[in-house]
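Tertiary structure, described
Each chain, letter by letter, is given below.
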Amino acid sequence: MTLLLGFGAVNTGNNLLYLMVSALLGFMSVSGLLGHWNLKKLQLELEPANEIYAGLGTLLSVRISNQRRRLPAFLLDISINNNHRQPGHLALLKPHEEQKVGGSGHVLCSW
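If you're wondering where the values come from, they're calculated on a predicted model, not measured in any experiment.

Turning to the overall build of the protein, a few remarks are in order. Along the protein, the regular secondary structure elements total two helices and five strands. Mapped from its N terminus to its C terminus, the protein presents α and β elements in the order α-α-β-β-β-β-β. Counting across all 111 residues of the protein, residues that qualify as buried make up 25%. For the protein, restricting intrachain contacts to residue pairs at least 6 apart in sequence, the fraction spanning at least 24 positions comes to 55%.

Now the structure itself:
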């Protein structure tokens, strides 16, 4: 959408379109930087069930910990091989906090 508006601004020479394109590109870059910052210094660990049998599906739990000193992580969706299942949701993960999202993925084990 932003690129199409950019081509339209070049073709028509409309200053309002140039302003809109620059604002949209700025929002895209800020969104990318904030998304990268939100995932930075998070540690994930997969925890399988106690008993796993070859050829049968099993549920995995995900333990996520925030390694940052001061800032929290926001709005995390965690899923593994999500075959139309609901992902695990974490709205807020405070600094140095650890949370477990149970049964977030269905994995087929084959040995």
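Time to look at unusual backbone geometry. The backbone of Lys 41 shows a phi angle near 60°, a positive value even though the residue is not glycine. Checked against the element boundaries, Lys 41 lands in the loop between α2 (15–39) and β1 (42–48). For Leu 75, which is not a glycine, the phi torsion comes out positive at approximately 45°. Along the chain, Leu 75 turns up in strand β3 (residues 73–78).

With that out of the way, let us pick up the pattern of salt bridges. Tallied over the full model, the rule gives three salt bridges. In this structure, Lys 100 engages Glu 47 in a salt bridge whose closest nitrogen and oxygen atoms are separated by 3.4 Å. One end of the pair, Lys 100, is in strand β5 (residues 98–108); the other, Glu 47, is in strand β1, with 53 residues separating them in the sequence. The partly exposed category is assigned to Lys 100, whose relative accessible area is 48%. Taking the shortest distance from any N to any O, the salt bridge between Arg 63 and Glu 98 comes out at 3.1 Å. Here Glu 98 lies in strand β5 and Arg 63 lies in strand β2 (residues 57–66), a separation of 35 residues in the sequence.

Where helix α1 (residues 2–12) meets α2, the closest approach of the two axes is 9 Å, and the angle between their N-to-C directions is 155°. It follows that α1 is roughly antiparallel to α2 by the angle criterion. Seen along the crossing, α1 lies across α2 with a hand that is left-handed. Residue-level contacts link Thr 2, Leu 5, Gly 6, Gly 8, Ala 9, Val 10 and Thr 12 of α1 to Leu 17, Tyr 18, Met 20, Val 21, Leu 24, Leu 25 and Met 28 of α2. Taken together, the residues of the contact of α1 with α2 sort by class into ten nonpolar, four polar and no charged.

The next subject is the packing of aromatic side chains. What the rule picks out here adds up to zero aromatic pairs. If you follow Arg 68 out to its NZ or CZ, it ends over the ring of Trp 37, 4.8 Å from the centre.

Moving on to α2. The periodicity of an α-helix, 3.6 residues per turn, causes residues three or four positions apart to be oriented the same way. Helix length check: α2, at 25 residues, gives a terminal C-alpha distance of 37 Å against a target of 36 Å (1.5 Å per residue), a fit within 8%. Among all positions in α2, only Leu 17, Val 21 and Asn 38 are buried. One or two steps after α2, the chain reaches Lys 41, where phi turns positive at roughly 60°.

Basis of the calculations
- Residues numbered from 1 in each chain as written.
- Predicted model: local features only at pLDDT ≥ 70, side-chain atom pairs only at ≥ 80, totals over all residues.
- Heavy atoms only, no water.
- Helix = DSSP H or I, 4+ residues; strand = E, 2+ residues; numbered from the N terminus.
- Buried < 20%, exposed > 50% of the residue type's maximum accessible area, 1.4 Å probe, protein only.
- Contact = heavy atoms within 4.5 Å.
- Salt bridge = Lys/Arg side-chain N within 4 Å of Asp/Glu carboxyl O.
- Axes fitted to C-alpha atoms, helices over the stretch in contact; angles between N-to-C directions.
- Parallel < 35°, antiparallel > 145°, perpendicular 65-115°, else oblique.
- Left-handed = near helix turned anticlockwise from the far one by under 90°.
- Nonpolar A, V, L, I, M, F, W, Y, C, P; charged D, E, K, R; others polar.
- Phe/Tyr/Trp six-rings, centres within 6.5 Å; stacked < 30°, edge-to-face > 60°.
- Lys NZ or Arg CZ within 6 Å of the ring centre and 35° of its normal.
- Expected span 1.5 Å × (residues − 1).

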